[in-house]
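# Overview (structure and organization)
Here is how the chains run, residue by residue.
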Amino acid sequence: MSVNSLTFEQSSAFLMDMYKEATGQESSVQVVDTATFTSVATTLLQLGYDPIINSITQVLNKSIYSIRPYSQKFRSINVDEEKWGSIVRKINYIDSDLDETDDRLSLVDGESIDPYVVKKPKVVQTNFYGATQYQDHITIFRDQLDSAMRDAGEFGRFMAGVMQNIADKLAQIAEGEARGLLANFICGKAVADSDNYINVLQAYYDETGVELTPANMYNEENYGPFIRWFYSFINTLTDFMSERSFKYHMNITGKEIPRHTPAQFMRAFMSASVVNKTASEVLAVTFNPDKLKMIDWEKVSYWQNINDPYSVKTKPAYLKVSDGTIVESEDAVTVSNLIGVIFDEEALGMTRRSTWTAASPFNPRGGFYNIFYHFTQSTWNDFTENGVVLYAGDVVTE
């Protein structure tokens, strides 16, 4: 079931799929059913008995608490709960036709003209429904901690490590959802918005006559000229996206919405392979590297699976332009050699709310208590907002 409904869903299966891909437990990119957790704009209302002893040896001489804070990637698409609550409606404004004749040119003596002809504003409302609920918990034992810790100070450091590990895991959960959210947007546009799905190698060939492939684009003799063209291409593209038009987003038939995305509302993610190679082999030998500066962007080390960093593979949910409803793909869409994605800040995002933590009473029979963590996550794609995907490989539907 999609989250495009008035229900909350348990999404542990999706969560574990994304977690395994993110941490490299899967050797290649797997099909992820992003339609089950991504809300898309629609016009319709509608461990064993004793894990402590198993993981911490009895104190002999010195304990090392191996933990460090983890910084979540894709933080730029997080938005606040106040703007994006459980159910959100977006009011979009449609241009009316400029089809009136100036009445001043046809005034007749003795006749009046009606200044009260009604011309209603045209709007279309899109709606975002649903969220996913998550729960996790950890068990804290009493006697085992007494035997594993020498004093209150060690116990405090141990518990600080436990709490930090949970915070790191929750940060990576949010990051995994962000990867799935981006993958749904990327694959959804591949299926339903091909005009804004740009093969940069084909565009480079069309403009320069130089034919490159994913296999040789990074060669030393090819990459410098290509990336200088690419940066110019990106700057021109983002200039066009700042113009008010119907071009860079999907439009509902008969309810076309004009959009424009000024630079301050534009977001971009770029593959690390392009960013790093540009920094080391192009900017390093460019007299004025500021000339190659693009819009603000975030580097992506991998899009979905750390073992296959520049591919995504999902069964996406996307907008059906004929009537504004949602299509949930039955086929897997694979995109390889992703370069980047540029989008309006309202085209996709995620927010976490209803976050709370509570401990159970102490269990005197088992000698432990549990700490529970709960939160609700909302994610969405709005294909009626500007967005362009750049790639250098293939798009395969199967």
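Presented here is an overview of the structure given in this document. (Residues numbered from 1 in each chain as written. Predicted model: local features only at pLDDT ≥ 70, side-chain atom pairs only at ≥ 80, totals over all residues. Heavy atoms only, no water.)

Moving on to the nonpolar core. Among soluble globular proteins, nonpolar side chains are generally buried collectively. Ile-186, Trp-303, Val-312, Val-335, Leu-338, Val-341 and Phe-343 are the most contacted members of the largest nonpolar core, which has 29 residues in total. When residues of this core are traced back to their parent elements, those giving at least two are helix H4 (152-192), strand E10 (317-319), strand E12 (333-335), strand E13 (338-344), strand E14 (348-359) and strand E16 (387-391). Once residues within four sequence positions are removed from consideration, Val-335 is found in contact with Ile-186, Cys-187, Ala-190, Tyr-197, Tyr-310, Ser-311, Val-312, Tyr-391, Asp-394 and Val-395. Counting residues in hydrophobic clusters, the runner-up holds 28 residues, among them Val-200, Ala-203, Met-270 and Ala-392. (Core = buried A, V, L, I, M, F, W, Y, C linked by side-chain atoms within 4.5 Å. Buried < 20%, exposed > 50% of the residue type's maximum accessible area, 1.4 Å probe, protein only. Helix = DSSP H or I, 4+ residues; strand = E, 2+ residues; numbered from the N terminus. Contact = heavy atoms within 4.5 Å.)

Quick look at the pattern of salt bridges now. Taken as a whole, this structure holds six salt bridges when the rule is applied. The salt bridge involving Glu-175 is made with Arg-179; its shortest N-O contact spans 2.7 Å. With a gap of four residues between them, Glu-175 and Arg-179 both fall in helix H4, about one helical turn apart. Both residues of the pair, Glu-175 and Arg-179, belong to the buried class. (Salt bridge = Lys/Arg side-chain N within 4 Å of Asp/Glu carboxyl O.)

Here we take up the side chain of Asn-381. You can see Asn-381 is positioned in strand E15 (residues 368-381). At 2.7 Å, the side chain of Asn-381 and the side chain of Asn-184 are in polar contact. Polar side-chain contacts of Asn-381 include one of 3.2 Å to the backbone nitrogen of Phe-185. (Polar contact = N/O pair within 3.5 Å; in protein donor to acceptor, adjacent residues only side chain to side chain.)

Here we take up unusual backbone geometry. At Asn-337, a position not held by glycine, the phi torsion is positive, near 55 degrees. Counting through the fold element by element, Asn-337 comes out in the loop between E12 and E13. Taking the relative accessible area as the measure of exposure, Asn-337 reaches 30% and is therefore partly exposed.

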